[in-house]
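Below, each chain spelled out in residue letters.
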Amino acid sequence: MGVKKYYLPDNFILGAAASAWQTEGWAGKKEGQESFIDVWYKSNPELWYNGYGPAIATDFYNRFREDIRLMKEIGLDAYRTSIDWSRFLRNYETAEVDEDAAEYYDSVINELIKNGIEPMICLEHYELPALLLEKYGGWGSKYVVDLYVKYAEKVFNLYGDKVKYFFTFNEPIVIQTRAFLDSVRYPFRQDTKTAMQWNYNKILASAKAIEVYKKSKYNGKIGIILNVEVTYPRSLAEHDVMAAKIYDLFFNRFYLDPCVKGEIPVELIEILKFHRCNFEFTKEELDIIKNNTVQILGLNLYTPARIKARESAWNPATPFHPSFYYDKFELPGRKMNLSRGWEIYPRIMYDMAMRIKNEYGNIEWLVTENGMGIENEQKFKNDDGVIQDDYRIEFISEHLRWLLKGIEEGSNCKGYMLWSFTDNVSPLNAFKNRYGLVEIDLDNSRNRRIKKSGYWYKEVLKNRYFEYKDFTPEYI
Ligand code: BGP
């Protein structure tokens, strides 16, 4: 099998992503500045792998200069992180800014720019202030939507002149799906209607923040980051295809359609009405959503969804869940990342690229996350203590070449951001699965050390190409 050079297109952004809560730690946080994630961790630290969590995380708050030095050494084009809403304000009702936090974020942004790294800033990566959850029910409340818009406005005022990429949310569907639909995460309530209202309110909040951003005519772009899953039916039989369509409707189109096209799918509203868990909306709100679609789309792509028609009978006593219409399907022979339990199927990059081109007006988009979390990476250390993560290099190469194929065929993808720059804290899994180009050594004061993949990324960034196996016809 031959080796081929895969060239990055001109101006293609090759970077890495993270979030505030997964890296910063609580240093500098004041009383009353807890986030949703903070209280979740505090309520059940024993559920978090080896007890690690957001409390110290990677200590980025104190060590960001060191990390940015490493980013520069590797030569990243861009770095995405979030602003922690709960840290950024002193008073969530009046949007009074915490001057210390504002100065910290200013320093991070300046340091990135000074080192030639484009900052990309997300406004919400599960960092909803805990107080707003307690007092108003969090994203279930439209009042909280308006408080978020006030917060967003403060961020734009302070950093809008230097940050060229803003994102309103990271994976807005996740929290309520896990917490209220599946009831497997804090606050462990099953309430489908609430989950659906959170979805809708976040779509509305995103549109309202975009409206505010657009009014000030900053010289940048604003979008949203969605964890879309390329959805494959088990077979082409009508029942499997229909099941996959419904899955796609709930987990992809719920956000993609309003955020990109300005419209919530009618079928979705009908199904929800039928099951008596529709969200509440007004005509004026729908107009705001219609008129404030995203200028750029961020997509986190990790694993496909494989779906078949439901096989077991539905228990009528079970509250409505979209799985009323489908079951998950495991493809025999699939390749797995066993540490994370996710199927590896690099073709998702191409299939999503084509979908965005053909069904979503070929809007400008970025892969805002893709990556591989691996357990016990220590065992891959060589004699010099450098993690030999060849599997990660292979993973990135395979995904990138499928993405490049999509771009060659006209998809408007402008970049790829690896999850993540350093190892960091995952929800519940904490430091179990390591994602970084740079290791965080928990046994040695969280020291940083570049992994083999980090040196490889550096070469790709310098050469603007990478070498990898040629596609074989069977594989395509
Ligand atoms: C995405 C999140 C990230 C990150 C990543 C890896 O869904 O946006 O915050 O955590 O997934 O997943 P995990 O951490 O669950 O292994």
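Residues numbered from 1 in each chain as written. Predicted model: local features only at pLDDT ≥ 70, side-chain atom pairs only at ≥ 80, totals over all residues. Heavy atoms only, no water.

## Remarks on the environment of Trp-342
Counting through the fold element by element, Trp-342 comes out in strand S14 (residues 342-343). Ignoring sequence-local partners within four residues, the contact set of Trp-342 consists of Tyr-302, Thr-303, Lys-335, Met-336, Asn-337 and Tyr-435. (Helix = DSSP H or I, 4+ residues; strand = E, 2+ residues; numbered from the N terminus. Contact = heavy atoms within 4.5 Å.)

## Re the pattern of salt bridges
Within the structure shown, the criterion is met by 42 salt bridges. As a salt-bridge pair, Arg-80 and Glu-369 come within 2.8 Å of each other at their nearest N and O atoms. Placement of the pair is Arg-80 in strand S3 (residues 78-82) and Glu-369 in strand S15 (residues 365-369), with a sequence separation of 289 residues. An identical accessibility class is assigned to Arg-80 and Glu-369; each is buried. Where salt bridges share partners, they join Glu-377, Asp-389, Arg-392, Asp-423, Arg-434 and Lys-451 into one cluster. (Salt bridge = Lys/Arg side-chain N within 4 Å of Asp/Glu carboxyl O. Buried < 20%, exposed > 50% of the residue type's maximum accessible area, 1.4 Å probe, protein only.)

## Some words on the side chain of Asn-278
You can see Asn-278 is positioned in the loop between helix H11 (266-274) and helix H12 (283-291). Those residues in contact with Asn-278, other than ones at most four positions away along the chain, are Lys-193, Ile-269, Leu-272 and Lys-273.

## What to know about the packing of helix H7 (residues 142-159) against helix H9 (residues 192-215)
Orientation of H7 relative to H9, taken along the N-to-C sense of each, is 35°, at an axis distance of 9 Å. In this structure, the crossing between H7 and H9 has a hand that is right-handed. On the side of H7, the interface is formed by Lys-142, Val-145, Asp-146, Tyr-148, Val-149, Ala-152, Glu-153 and Phe-156, while H9 contributes Gln-197, Tyr-200, Asn-201, Leu-204, Ala-205, Lys-208, Ala-209, Val-212 and Tyr-213. For the contact of H7 with H9, the residue count by class is 11 nonpolar, two polar and four charged. (Axes fitted to C-alpha atoms, helices over the stretch in contact; angles between N-to-C directions. Left-handed = near helix turned anticlockwise from the far one by under 90°. Nonpolar A, V, L, I, M, F, W, Y, C, P; charged D, E, K, R; others polar.)

## Examining the packing of aromatic side chains
For the coordinates displayed, the defined rule picks out 49 aromatic pairs. Taking the centre distance of 5.3 Å and the plane angle of 85° together, the rings of Tyr-41 and Trp-48 count as edge-to-face. Both residues of the pair, Tyr-41 and Trp-48, belong to the buried class. Ring geometry for Tyr-350 and Trp-402: centres 5.7 Å apart, planes at 50°, overall tilted. One end of the pair, Tyr-350, is in helix H13 (residues 348-359); the other, Trp-402, is in helix H14 (residues 390-408), and 52 residues separate them in sequence. Look at Trp-402 and you get buried, because its relative accessible area is 1%. For Arg-306, the ring lying beneath its charged end belongs to Tyr-345, and the centroid distance is 4.7 Å. (Phe/Tyr/Trp six-rings, centres within 6.5 Å; stacked < 30°, edge-to-face > 60°. Lys NZ or Arg CZ within 6 Å of the ring centre and 35° of its normal.)

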